[in-house]
Amino acid sequence: MMDLDFFSLEATGKTIADLTSAAPLIPAKTPVNVAWLNDEDDYDRLRTVRQIDDAGLLPVPIFAARRLQSKKHLFDLTEKLRFAGAQGQVMVVGGDPSIASGSFNSTMDLLRTEWIEKYAIKRVTLPGFPEGNAAIGYRSDVALLGEKVKLLESCGCSVSITTQLAFDPNRILNWISQLRNVGVGQPIQIGIPGPTKRDLLLRFARSFGVSARGLNNVSDTVDGIVDFSRLVCLIEQGLQRRNLADVAVHLYPFGGAKVTVEWLNAVKTRHTSRKMLA
């Protein structure tokens with residue numbers, strides 16, 4: 001079943017004011033991934049982490065391997081982020097650039113350093129791509145995820161997986177099944193947008209390299225706002241049929257954090273009502 005009581009969120013320097021204004025609606029220590037954008041520098045990320053921590057939430061900085069200039073940059077940035085309030089939990093991604101800024105060409109390059117042990121990182125979130133990873137030619141990332149999980153576990157680190165946007169429930173469920181079948185039993189959070197204007201959603205989907213075909217089959221649009229309650233329901237039904245566990249939600253608050261959290265609470269209320277009537 002899908003756990004709707006636990007979720008994580010995404011923030012950037014541009015959206016942090018919106019997130020902190022919604023903080024009273026968000027459970028304390030909810031993880032908030034701090035994205036690494038082209039037009040934000042290390043100072044922007046440090047400021048965002050500090051504001052998330054001040055709001056009583058858990059900042060999870062994203063380290064993009066191909067954006068790091070060197071191992072020194074990695075270590076210096078980690079020190080500064082720890083001081084700003086990011087303690088013990090990070091997310092590691094390859095990053096959008098096809099050409100690396102420094103010596104790290106991939107997530108594995110970064111994870112093979114002494115970084116995890118040196119900074120006593122206790123939990124690492126890895127990205128998942130149910131519809132394929134553009135960086136590896138849209139091939140399945142299941143085998144590679146398995147390798148990363150084994151490497152991190154050998155360092156004594158716990159692991160979770162958060163997915164990129166995906167709109168095809170069958171592909172999402174098949175991907176989860178494949179991970180479970182190769183022994184990856186770590187918690188998975190499916191990346192789902194809150195209510196979002198359709199034009200904005202399609203723009204994000206294009207930037208993520210995600211197909212929006214079939215969007216009408218998994219969502220409802222009212223007054224130009226796309227709602228993914230149907231997608232959540234379809235995924236949950238599939239999880240039950242296939243007996244798949246340890247799956248929750250990662251919210252992409254494209255339409256605003258307050259609207260997104262309120263939407264999830266409404267979905268959860270409907271879910272609870274259905275269970276009581278069953």
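Residues numbered from 1 in each chain as written. Predicted model: local features only at pLDDT ≥ 70, side-chain atom pairs only at ≥ 80, totals over all residues. Heavy atoms only, no water.

Trainee: Help me understand the pairing of strand E11 (residues 247-252), please; the structure alone is not making it clear to me.
Mentor: Of all six residues that make up E11, six are buried, and the element is covered over most of its length. Residues Val247, Val249 and Leu251 line one face of E11 and the alternating positions Ala248, His250 and Tyr252 line the opposite face, and both faces are buried. Pairing analysis gives four bridges linking strand E1 (residues 2-11) to E11, with the strands arranged parallel. Looking at the pairing, Met2 lines up with Val247 of E11. As defined by bridge partners, strand E7 (residues 188-193) adjoins E11 across six bridges and the pair is classed as parallel. Directly across from Ile190, in E11, lies its bridge partner Val249. (Buried < 20%, exposed > 50% of the residue type's maximum accessible area, 1.4 Å probe, protein only. Helix = DSSP H or I, 4+ residues; strand = E, 2+ residues; numbered from the N terminus. Pairing = 2+ DSSP bridges.)

Trainee: When you look at empty space enclosed by the protein in this model, what are you seeing that I'm missing?
Mentor: If a probe as big as a water molecule is rolled over the atoms, it shows which places are left empty. Tallied over the entire structure, the rule returns one cavity of 30 Å³ or more. Every residue along the wall of the largest cavity is listed here: Pro61, Phe63, Thr78, Leu81, Arg82, Ala86, Gln87, Gly88, Gln89, Val90 and Ile121. Every element with two or more residues in the lining of the largest cavity is listed here: strand E3 (58-64), helix H3 (71-84) and strand E4 (89-93). The residue makeup of the lining of the largest cavity, split by class, is six nonpolar, four polar and one charged. (1 Å grid on protein atoms, 1.4 Å probe; cavity = no way out; pocket = protein on both sides within 12 Å on 5 of 7 lines; lining within 4 Å. Points joined across faces, edges and corners; volume = space filled by probe spheres on them. Nonpolar A, V, L, I, M, F, W, Y, C, P; charged D, E, K, R; others polar.)

Trainee: What am I meant to see in the pairing of strand E5 (residues 123-128) here?
Mentor: On a regular strand, each side chain points to the face opposite its neighbour's, so the side chains alternate between the two faces of the sheet. Most of E5 is tucked away: five of the six residues are buried. Pairing geometry for E4 and E5, over three bridges, is parallel. Its bridge partner being in E5, Val90 is matched across the sheet by Val124. Relative to strand E6 (residues 158-163), E5 is paired through six bridges, and the arrangement is parallel. Along E6, the bridge assignment pairs Arg123 with Ser158.

Trainee: Sorry if this is basic, but what is going on with the sheet that holds strand E9 (residues 220-222) here?
Mentor: The pairing of strands in a sheet comes from backbone hydrogen bonds and takes either a parallel or an antiparallel form. Taken in spatial order, the three strands of this open sheet run E8-E10-E9, and their pairing is antiparallel. At either end of the open sheet lies a strand with only one pairing partner, and these are strand E8 (196-197) and E9. Pairing analysis gives two bridges linking E8 to strand E10 (residues 225-227), with the strands arranged antiparallel. Following the sheet pairing, Lys197 is matched in E10 by Ile225.

Trainee: What should I look at first to understand the side chain of Arg67 in this one?
Mentor: With respect to the element layout, Arg67 can be found in the loop between E3 and H3. Arg67 sits in the buried class, given a relative accessible area of 13%. Discounting chain neighbours no more than four positions away, the residues touching Arg67 are Trp36, Asn38, His73, Asp96, Pro97 and Ser101. (Contact = heavy atoms within 4.5 Å.)

Trainee: Mind showing me how you'd approach unusual backbone geometry here?
Mentor: As a rule of thumb, non-glycine residues mostly have phi less than zero, and peptide bonds are mostly trans rather than cis. Not every positive phi belongs to a glycine, and Lys29 is a case in point at roughly 65°. Relative to the helices and strands, Lys29 is located in the loop between helix H1 (16-21) and strand E2 (31-34). Located in the positive-phi region is Asp223, a residue other than glycine, with phi close to 55°. Position of Asp223 relative to the elements: it lies in the loop between E9 and E10.

Trainee: When you look at the packing of helix H7 (residues 169-181) against helix H10 (residues 229-242) in this model, what are you seeing that I'm missing?
Mentor: Relative placement of two packed helices is described by the angle separating their axes and the distance separating the axes. Between H7 and H10, the least distance of the axes is 10 Å, while the angle of their chain directions is 35°. Judged by the twist between their axes, the crossing of H7 over H10 is right-handed. Residues Pro169, Asn170, Ile172, Leu173, Asn174, Ile176 and Ser177 of H7 touch H10, and the partners they reach there are Leu231, Leu234, Ile235, Gly238, Leu239 and Arg242. Broken down by class, the residue content of the contact of H7 with H10 amounts to eight nonpolar, four polar and one charged. (Axes fitted to C-alpha atoms, helices over the stretch in contact; angles between N-to-C directions. Left-handed = near helix turned anticlockwise from the far one by under 90°.)

The quantities given are spatial measurements derived from coordinates; they are silent on function.
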